[in-house]
Each structure stands twice: as structure tokens, then as C-alpha cells.
Amino acid sequence: MTKPIGRQIALGQPLFELEGITKVYNPDSEQRVEVLHGVSLKIQRGEFVAIMGASGSGKTTLMNILGCLDKPTGGRYLLAGTDVAGLDRSDLAWLRRSVFGFVFQSYNLIGTATAQENVEIPAIYAGHPAAERHRRAAELLGMLGLAERTTHRPNQLSGGQQQRVSIARALMNGGTAILADEPTGALDSTSGAEVLQFLEHLADEGHTVIIITHDAEVARHARRRIEIKDGNIVADVIQSWSEKAPSERPVKALDFIDHAKRLDEFSETLRMALRALRVNLLRTILTLLGIVIGVGSVVAMLAVGDGARQVVLDRIGSMGTDLLLIRPGAPNQRGVGNAIATLVPQDAEAISSLANVRAAVPELSASVTVRSGDSDYQTSATGTTADLTEIRDWPVARGSFFTREDAARYAAVTVLGQTVVNNLFPAGADPVGRFVLVNNVPFQVLGVMAAKGATASGADLDDVVFVPLSTGSLRLFGQRNVKTITVAVDDVDKIDATQSSVTALLAERHKAEDFQIRNMAAVLETAEATQNTLSVLLGSVGAISLLVGGIGVMNIMLVSVTERTREIGIRMATGARTRNILQQFLTEAVVVSIFGGLLGIGCGFAMAAGFMQFGVPAAVSLEVVALAFACAVAVGLVFGFAPALKAARLDPVVALASE
Ligand code: ADP
């Protein structure tokens, strides 16, 4: 990035040229004050000038205008031949970091940074490589007699030392023009004399040095004295000549090139953010807590929602979603069960031949007593067909299930549930091939079902014996009406059409709607919708906490901006761009949110684990974790933006003047 001004600096051209500069504060209000009344002056490169005047005469105002910290109300200001009025915020920031070096009465060092770090700030904004920066800062501090003090913070340095650090900072990027506002005002006479001597030395080295002072003694050190009174120049005298002839004085090369490497800039921004957060550790932790609680509750709440949902859906899903359940009795008729006798096994056979039907399995059960040897056991016998194992997805563990042929020849065969086996046979005994008495009728055991466990309501699924429906109706149940018909379909997508054709078929066969059909796919859908609502509800609770956490971040960032207005001013005076300030505060907010997000995810896991300890199902999914983390970062960005923008938009002079 090469700016127009860089090439136009000609030796003969004044560095500063003011023509009729005026400055009016609060122009449209009662407190309107005109501070400068048309100041005109020229300052050449390499001059050592004192601008002297009583307090309130407008010296600082003039210096702020010269240093591009403030804009004049009227008149023309040419910096090396370029009209400053035409430059935007970013150009002005660039001028401040590449042309000017400021030395203030109150030093204006950043309190949380070491001497070395303070000196490096202008170079960070100019994008000089870190190694070069460190080397130059150390060299400058050494030159100013502070080699031993590089890691000290401002509050560990004397006034004179702090002022020397600020001079080193002013020189960091070259310091073509050094603007010093009452540089000795807060110093004892010895330190003050040292500082003045050094400024004189800089002028000899080719820097243009301008000192603002009310003190004639200080002004005496400069080679030219400009006196200002009530906003007008009243005297402009040459006091002395440099001992070096102009030809001996080096011409300061103007390094007007920015080297900004975004990546380097970012790592510096991150370091500054971490430092700022560390300095206010308690406050940072409290802000963090808001985000931790927010993210933690999002994760935990969604985990509970997901857990509940999985349990419900698993229960329904384990029954199979490709099923239609047909029960006897008209819709809304009470007392559904064996008492209502409307479905017959032939209905199941008829349904089997419909399109898209894989199998239709009738079931009929009754309580029976099973006996083996001396043991009796009360259980329930279910009469069904050979397809049961397939549609229930329930294989036999040993032996085999009965076949269609067994049913056709009314064979007295049975397949036992695991619980029945456990109660009737000693451990390790194989019941397959043996005979048992079911309600005193001898049945041969063909096989043993695999253990299925308990239903959601706690009923033991393994406490059952299966017999062919034909044999069961004849010899055990004394009736042929079935309790349920379970229909499995081939294509679940067409389950609704199949339901309609089953309804039509049964209505046709019965001449009445004396049956009910439940569609498991539809049940699953309804359950899923209910569970989704639950998840949204729980998620909202988490989201609200996160929102509150976000507002906490914003609140703290606003406080932080207000507190650090002066620091922002210092950064702007040392050449920070609007973007740098915006980035810095935004980074602070986002760093807090990222830390909070990570801790929050950990807390969420812990809470979910806690819930599970108490028997509440919870399942943390990767999506939820990613979502919560993304939300945390977004919260940082969104809620950090307003404070960061507020900081970035501050006026450098206003920010510098703040307490
Ligand atoms: P000096 O540096 O010579 O003491 P200043 O330039 O600081 O003088 O101020 C000159 C005058 O301008 C003072 O009377 C002061 O009250 C006024 N002034 C300075 N800054 C502001 C401001 N931001 N708003 C209103 N008046 C101001």
C-alpha cells in the first residue's frame, strides 16, 4: 500500500504547511468556542520548534491538528504537500503510524503492557515482522538507557523512564515528525533536561521535532520558537542554529510502506485480547460463567430431549414400523380383547393375499398351566402362525418354530419362552424334544424362543408358550376368534394404501366396521413429532440461558470499552486502524465465548451424565455439541460487535482526553 503523499515529499517542500487554520469547539451550541483564529505557519523537515503559550492558548489543539488526531474547522493543512482534508480515517491512521511519533505529558503508555510491548505497538499496526520489531524495540530502549527495563510495566518505572519509553515508541516506525506535548511537564528537572537533550539529539539526526510548552525555559532548547496567544501566533523567532550544517544532517528516509501481514496482525490481536482478559481475571471468569451456563444448558437440555426421544422411538421402533395392528371391535368400542369376537383366522389368510402384504399373523392367547414332570407353571399360551418369528423379528434360540404343515395337521407342538423354560426345567437341561402338558394336553416342545426381555410397561415378553393357532383353538382356547392380526408390509412408503385396502377387505368380509387398525408408522410419526416439540422446548430453555450469557458478554464489553477509552486513544495515536480496534474488542468477546463454549460443552456432558445417574435418559449428539459451540461463537460475535464498533468509532482526541 503506497499512499499518494509518500512520493511527493520533496526536500524543498515544508513538512507542515498551515494556512488560516481555525478550530471551533461545539460550533452549534451555547458552549461554542473558537480556539484557533486562522493560524498560518510552515515547518521544514529537520526543524526543532517549540510552540509556546500560556495555558488555554490553543497549543494542544494545534498539536492535535498537526498530528492528524483532530481536524481543523477551517483553513488548509498541507502535510508534505498533501491536503489532509481529503484523507479518510484509514489514511489518517496510516499517517499517525508512519509519519508521527507522539510524546505526551502523561506518557500515555498502556498499563498492562511491558516497556518493550509498548514500544512495539506502532510496528504491530504497521505490520513489521515480529523478529524485526523485537530487535528494534530492544535497540531503541537500549539507546534510551532502558536496556534493563524492557520487561517492566509502566507502574514499575519512574516518570523519566516512562517518558523515555514513550520516546522509544515515537521512534519505532521512524518518527519522521516527533510531536511532544509538554514532555517535561510531569518530570523533575534532571529527567526533564535528559528528555530535552534527547529531543535535541533527534533533531540533529534529521527528525522534525515540535515541542508544545508553556515554559520559556523549555522553549529555549528549541532552535525556533513560535509563540501563540489566544489562538493567534504572536511571535516566530529563530533562537539558534544546529551545530551541524544542513548538509551534514541525514535526511530521514520516509518509510511509507505498510507491511501488514494479516496473519501476524491476527496473532498479535489474539495476544492482546488474552492479555486484556487476564488482567481482569475475575471479571473474565464471571462473564465466562454466563456463557458456560448457557452452552451447558443447551447441551444438557437437548441431551435430555434426545434421550427421551430415543427411548420412545426405540420402543416403538422395536415393535416394527412396517406393521398394521388389527384388533376386534369397532373404533371407540370398549372392552377390546378376546371378549369381542369379530376377527377370525380366515381374515388373516385373506389379508395375506393383498398387494404389499408380506405376512398377516393372527394371535389368540389364554392363560394356561404348563407342567413338566413335577413342576407346574402358570403362563400364557399364544396361538399363532409360522410367520410370527419373522414379523416380530424374534428368532428361536434352540430347536425350531412350528411350520405351516404343523398347523395344517393340528399338531400338538409348542415353542417355549425363556421364562417358562427357566421355571420348568433345571438349569442346563434341554427341553427340545420333550413333552409338556399344557392344560393337561400333551404338547411336544419344538424349540425355545430367544430371550426378548420386558416391555416398556414391565411385562415379561418371555413368559409365554406358542402353539399353532389351529391346535390351540381346538384343544386349549375353545374358540376361533383371534385377539389381534399383525400385518407386515413390504414397502413402508405404501403402508397407508395397504391400510385402506385391508380396511376395505375386512369391511367387505364383515359387512360392518367391527375392527380397528393401528398404523405403527403413523404412531411413530406422531411420537416423533411430540418428541420434537419436547426437544424444541428444552432447547429453548438452553437458548434463553445462552442469550442471557450473551447479554452478559455485551455488558462487560461495553464496560471494558468505557474503561479502556484512553487505551483506545493511545492505540489510535500510535496508528491503529478502525479495523484493528474493532478486531481487538471483537476478539476479546469471541475468545471469552470460545472458552465459555468449550467449558460449557464439558459442563453439558457432566450434567447429562448426572441426569443418567438419576435414571433420566440423556444422549449427547455430536450435532448438538457442534450447534452449541457455534451458538457460543455467534453470541460472541453478535454481542461483541456493538461494543467493538463503539470502540472503533471513537474519535482519537476524545479517546485520548478521557480519564
Ligand atoms: P493549551 O494546550 O494551550 O492549554 P488547549 O488547546 O488545550 O490549550 O485548549 C484551548 C482552549 O480550547 C481552552 O480554552 C479549552 O477550554 C478549549 N477546549 C479544548 N478542548 C476542547 C473541547 N473538546 N471542547 C471545548 N473546548 C475545548
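Remember, it's a predicted structure, so these values are computed and weren't measured experimentally. (Residues numbered from 1 in each chain as written. Predicted model: local features only at pLDDT ≥ 70, side-chain atom pairs only at ≥ 80, totals over all residues. Heavy atoms only, no water.)

(A) Layout of the sheet that holds strand β10 (residues 232-238). Taken in spatial order, the 6 strands of this open sheet run β6-β7-β8-β3-β9-β10, and their pairing is mixed. The open sheet terminates on both sides in strands that have one partner only, identified here as β6 (100-103) and β10. Shown here is a sheet whose adjacent strand axes are inclined to one another by a mean of 15°, direction ignored. Taken together, the 4 bridges between β6 and strand β7 (residues 177-181) define a ladder with parallel strand orientation. Opposite F100, over in β7, you have A177 as the bridge partner. (Pairing = 2+ DSSP bridges. Helix = DSSP H or I, 4+ residues; strand = E, 2+ residues; numbered from the N terminus. Axes fitted to C-alpha atoms, helices over the stretch in contact; angles between N-to-C directions.)

(B) A look at the site of the ligand. If you check the shell around the ligand, you find Y25, N26, V33, V35, A54, S55, G56, S57, G58, K59, T60 and T61 and nothing else. Between the ligand and T60, the relevant distance is 2.5 Å, taken from an oxygen atom to a side-chain nitrogen or oxygen of the residue. In the complex, the protein chains occlude 58% of the 560 Å² of accessible area that the ligand would expose alone. A per-element tally of the shell around the ligand places helix α2 (residues 59-66) first, with 3 residues. Tallied by class, the residues present in the shell around the ligand amount to 4 nonpolar, 7 polar and 1 charged. (Near = heavy atom within 4 Å. Polar contact = N/O pair within 3.5 Å; in protein donor to acceptor, adjacent residues only side chain to side chain. Areas by Shrake-Rupley, 256 points an atom, 1.4 Å probe, with all protein chains shown as cover. Nonpolar A, V, L, I, M, F, W, Y, C, P; charged D, E, K, R; others polar.)

(C) Fine view of the domain arrangement of the protein chain. Entries for the protein chain in the domain assignment read domain 1 (16-99 + 175-262), domain 2 (276-313 + 526-657) and domain 3 (341-513). Placing a centre on the C-alpha atoms of domain 1 and another on those of domain 3 gives a separation of 102 Å. (Domains from an automatic or database assignment.)

(D) Geometry of a nonpolar patch on the surface. A cluster of nonpolar side chains, contributed by L282, L286, L289 and I293, occupies part of the molecular surface with about 420 Å² of accessible area. With respect to the secondary-structure elements, L289 resides in helix α10 (residues 281-319). (Patch = residues over 30% accessible without salt bridge, like charges linked within 9 Å, V, L, I, M, F, W, Y side chains within 5 Å. Salt bridge = Lys/Arg side-chain N within 4 Å of Asp/Glu carboxyl O.)

(E) Up close: the packing of aromatic side chains. Applying the stated criterion to the full structure yields 7 aromatic pairs. Pairing F102 with F104 gives two aromatic rings, centres 5.8 Å apart and planes at 15°, and the pair type is stacked. For the pair shown, F102 and F104 are each scored as buried. Pairing F401 with F466 gives two aromatic rings, centres 5.9 Å apart and planes at 55°, and the pair type is tilted. With F401 in the loop between β14 (396-399) and α13 (404-408) and F466 in strand β18 (residues 464-468), the pair connects residues that are 65 residues apart, well separated along the chain. (Phe/Tyr/Trp six-rings, centres within 6.5 Å; stacked < 30°, edge-to-face > 60°. Buried < 20%, exposed > 50% of the residue type's maximum accessible area, 1.4 Å probe, protein only.)

(F) Quick peek at the side chain of T574. Mapped onto the elements, T574 comes out in the loop between α18 (565-573) and α19 (578-613). You can call T574 buried: its relative accessible area is 9%. Contact partners of T574, with chain neighbours within four places excluded, come to R97, I121, P122, Y125 and R169. (Contact = heavy atoms within 4.5 Å.)

(G) Structural view of the sheet that holds strand β5 (residues 82-83). If you walk across this open sheet you meet the 4 strands as β2-β1-β4-β5, and the pairing is antiparallel. Of all strands in the sheet, those bounded by a partner on one side alone are β2 (33-43) and β5. Taken together, the 2 bridges between strand β4 (residues 74-79) and β5 define a ladder with antiparallel strand orientation. Pairing of L78 across the sheet is with D83, part of β5. Where α2 meets the sheet, its contacts fall on β1 (16-25), β2 and β4, and the angle it forms with β1 comes to roughly 125°.

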